[in-house]
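# Structural characterization, general
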Amino acid sequence: AAEEGFDAEDVEGAIGDAGHGPLPVLAVIGRPNVGKSTLVNRIIGRREAVVEDRPGVTRDRVTYEAEWAGRRFKLVDTGGWEQDVLGIDASVAAQAEYAIEAADAVVFVVDATVGATDTDEAVVRLLRKSGKPVVLCANKVDGQSGEADATALWALGLGEPHPVSALHGRGTGDMLDAVLDALPEAPATTFGLAVGGPRRIALIGRPNVGKSSLLNKVANEDRVVVNEVAGTTRDPVDELIELGGVVWKFVDTAGIRKRVHLQQGADYYASLRTAAAVEKAEVAVILIDASESISVQDQRIVTMAVEAGRAIVVAFNKWDVLDEERRYYLEREIETELLQVAWAPRVNVSAETGRHMEKLVPAIETALAGWETRVPTGRLNAFLGELVASHPHPIRGGKQPRILFGTQAGTKPPRFVLFSSGFIEHGYRRFVERRLREEFGFEGTPIHISVRVRE
Ligand code: GDP
Ligand code: GDP
């Protein structure tokens, strides 16, 4: 083993990273500038996943995987969300409301040097109403002298304020211990239904692409089995709909049917909704209005689903109104704008006429199958051996980095850990991914590849 440079522990460590099944979700909320992003960065530390470059796509990731004391969870960072569209108070409240909805537990960050503001009080009311577990973070307590500021936050009525300096790390460990106590082992939003229950579909897409129409179409043509109100908040409704002889759970359909008719901020609400729905789902059906140019907003939604690691189907709606010319340009746009999901099954539908509705379920099943594919280690290494022999990594600085061994560390989505003798260039990683897809399918699923270099 010494010769290869790895032992069983390396491999187990790698597998431990990859995870199995849904993780509990922790949302970090609070007013602008209280230090949410700083805190999130401190919690994820260097553990953030390898970032892929996707030219032309704005990255607005909101969810990270984090770990503390051996427990893993999803961390929703609301720091980067647009704050301006609704005015501070309304946007903080809206942000908090949707983040709370999506979360199993919440870290509420208050700037202890400022003290509790009216906006903070408004968020406290939302938190109380939600009934979700809350850990109060009294941030910017950089030294002993700030402790009194933290103590003053008992007045919020949320229990013990945890004095923290997100900037310097002071107190974050104790606070995270409290977070682990508050966080359920499995996410409450999917609890009990995740295993053996109906598969969870998020129907997402920018406003007016036809989500509501599509949902009504599938719900009317087939049978809506039950309306089910999930959790303690009144808003998110998951609907069980029978399609193709199978019952599916469309998550968070309240956001689809009861659309928020706001001139300003509609996009903002929509993106929060999308993030929440994607978190709860196994497969995202991304609806795109085929009659209009593919927009940056469409791409953001695609990125969100890819980064969340969901199975993905891309459905082009309003096919009934496409003329020859638009069809031509659409195909060109798909090639350039939707490159990041070139592997996703595609259906061309019309929620209006019902065109190709029957193709939706097979596409969803294909994507879920890809998402759950597991390649046995022996087969993977036979494949890697051949690949390395026929297409070696380019020589760099007189050395030739080589992939030595690999294992699939997890599914949903498939995650691979490759062990190598040197730095594997981005281009070569992409090549490996492409070949993996050619060999093993993985239709409709993102795949993660991480590389561990032998030191
Ligand atoms: P967000 O808008 O809530 O995400 O806040 P940011 O994380 O962007 O932080 C806002 C400002 O507060 C930045 O200038 C941070 O450097 C600063 N900040 C964040 N945490 C701390 C802290 O613990 N102590 C001090 N002194 N400053 C902090
Ligand atoms: P949502 O905001 O994504 O839920 O979109 P809606 O379902 O409210 O649809 C927005 C508009 O597009 C409505 O006027 C619908 O009637 C129209 N629409 C939806 N699907 C189709 C379709 O397949 N063909 C056509 N021609 N119009 C559609």
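Right above here is the structure, for reference.
Quick caveat, the model's predicted, so the values are computed rather than measured.

Conventions and cut-offs
Residues numbered from 1 in each chain as written. Chains lettered and ligands numbered in written order. Predicted model: local features only at pLDDT ≥ 70, side-chain atom pairs only at ≥ 80, totals over all residues. Helix = DSSP H or I, 4+ residues; strand = E, 2+ residues; numbered from the N terminus. Buried ≥ 20, exposed ≤ 12 C-beta atoms within 10 Å, placed from the backbone. Contact = placed C-beta atoms within 7 Å. Pairing = 2+ DSSP bridges. Axes fitted to C-alpha atoms, helices over the stretch in contact; angles between N-to-C directions. Near = placed C-beta within 6 Å. Nonpolar A, V, L, I, M, F, W, Y, C, P; charged D, E, K, R; others polar. Expected span 1.5 Å × (residues − 1). Arc of directions from axis to C-beta.

## Remarks on the overall build of the protein
- Within the protein one finds 14 helices and 16 strands.
- The burial tally for the protein puts 42% of its 455 residues in the buried class.
- Summarising the internal contacts of the protein: among those between residues at least 6 apart in sequence, 74% fall at separations of at least 24.

## Side note on the sheet that holds strand β15 (residues 415-420)
- Overall, mixed pairing links the three strands, which are arranged β14-β15-β16 in an open sheet. Edge strands, defined here as strands with exactly one partner in the open sheet, are β14 (403-410) and β16 (448-453). Taken over all neighbouring pairs, the strand axes of this sheet differ in orientation by 20° on average, direction set aside.
- Relative to β15, β14 runs antiparallel, the two being bridged by six bridges. By the bridge assignment for β15, G406 is matched with L418.

## Considerations on the site of ligand 2
- Near ligand 2 there are 17 residues, and of these G210, K211, S212, S213 and E352 occur at the shortest range.
- The residue inventory of the shell around ligand 2, partitioned by class, reads five nonpolar, seven polar and five charged.

## Focus: the environment of G131
- Along the chain, G131 turns up in the loop between α4 (118-130) and β5 (134-139).
- Remark: the alpha-carbon pair of G131 and I100, spanning 31 residues in sequence, is separated by 9.6 Å.

## Some points on helix α10 (residues 296-307)
- Given a rise of 1.5 Å per residue, twelve residues ought to cover 16 Å, and the 16 Å separating the end C-alpha atoms of α10 matches this to within 8%.
- Of the residues making up α10, those classed as buried are D298, Q299, I301, V302, M304, A305, V306 and E307.
- Of the residues trailing α10, G309 is marked for its positive phi of about 75°.

## Looking at α4
- The end-to-end C-alpha distance of α4, which contains 13 residues, comes to 19 Å, matching closely the 18 Å that a straight helix rising 1.5 Å per residue would cover.
- Looking only at α4, the buried set comprises D120, V123, L126 and L127. For α4, the arc enclosing every buried residue in end-on projection is 115°, short of the 170-degree limit, so these residues lie on one face. Residues D118, E121, R125 and R128 are exposed on α4 and point more than 90 degrees away from its buried face.

## Overview of the environment of A66
- Inspection of the secondary structure puts A66 in strand β2 (residues 63-68).
- Taking the C-beta count within 10 Å as the criterion, A66 has 20 such neighbours and is therefore assigned buried.
- Spatially, the C-alpha atom of A66 lies 8.6 Å from that of G45, the residues being 21 residues apart in sequence.

## Notes on the environment of G173
- Along the polypeptide, G173 turns up in helix α6 (residues 172-182).
- Accessibility expressed as a C-beta count within 10 Å gives 11 for G173, which makes it exposed.
- A sequence separation of 130 residues divides G173 from I43, and the C-alpha atoms of the two residues are 9.2 Å apart.

## Side note on the sheet that holds β5
- With respect to topology, six strands assemble into an open sheet ordered β2-β3-β1-β4-β5-β6, the strand pairing being mixed. Among the strands making up the open sheet, the edge pair consists of β2 and β6 (161-163). Taking each pair of neighbouring strands and ignoring which way they run, the sheet shows an average axis angle of 30°.
- Sheet analysis places strand β4 (residues 105-111) next to β5, joined by six bridges and oriented parallel. If you follow D111 over to β5, its bridge partner there is N139.
- Taken strand by strand, α6 contacts β1 (25-29), β2, β3 (71-77), β4, β5 and β6, and its axis lies near 165° from that of β5.

## Comments concerning the pairing of β3
- With five of seven residues buried, β3 is to be regarded as a mostly interior element.
- Pairing analysis gives four bridges linking β1 to β3, with the strands arranged parallel. Paired with V28 across the two strands is D77, which belongs to β3.
- Relative to β3, β2 runs antiparallel, the two sharing six bridges. Note that in β3 the partner of A66 across the bridge is F73.
- Between β2 and the antiparallel strand that follows it, β3, lie two residues; A69 among them carries a positive phi value of about 50°.

Functional significance is not addressed by these values, which are geometric in nature.
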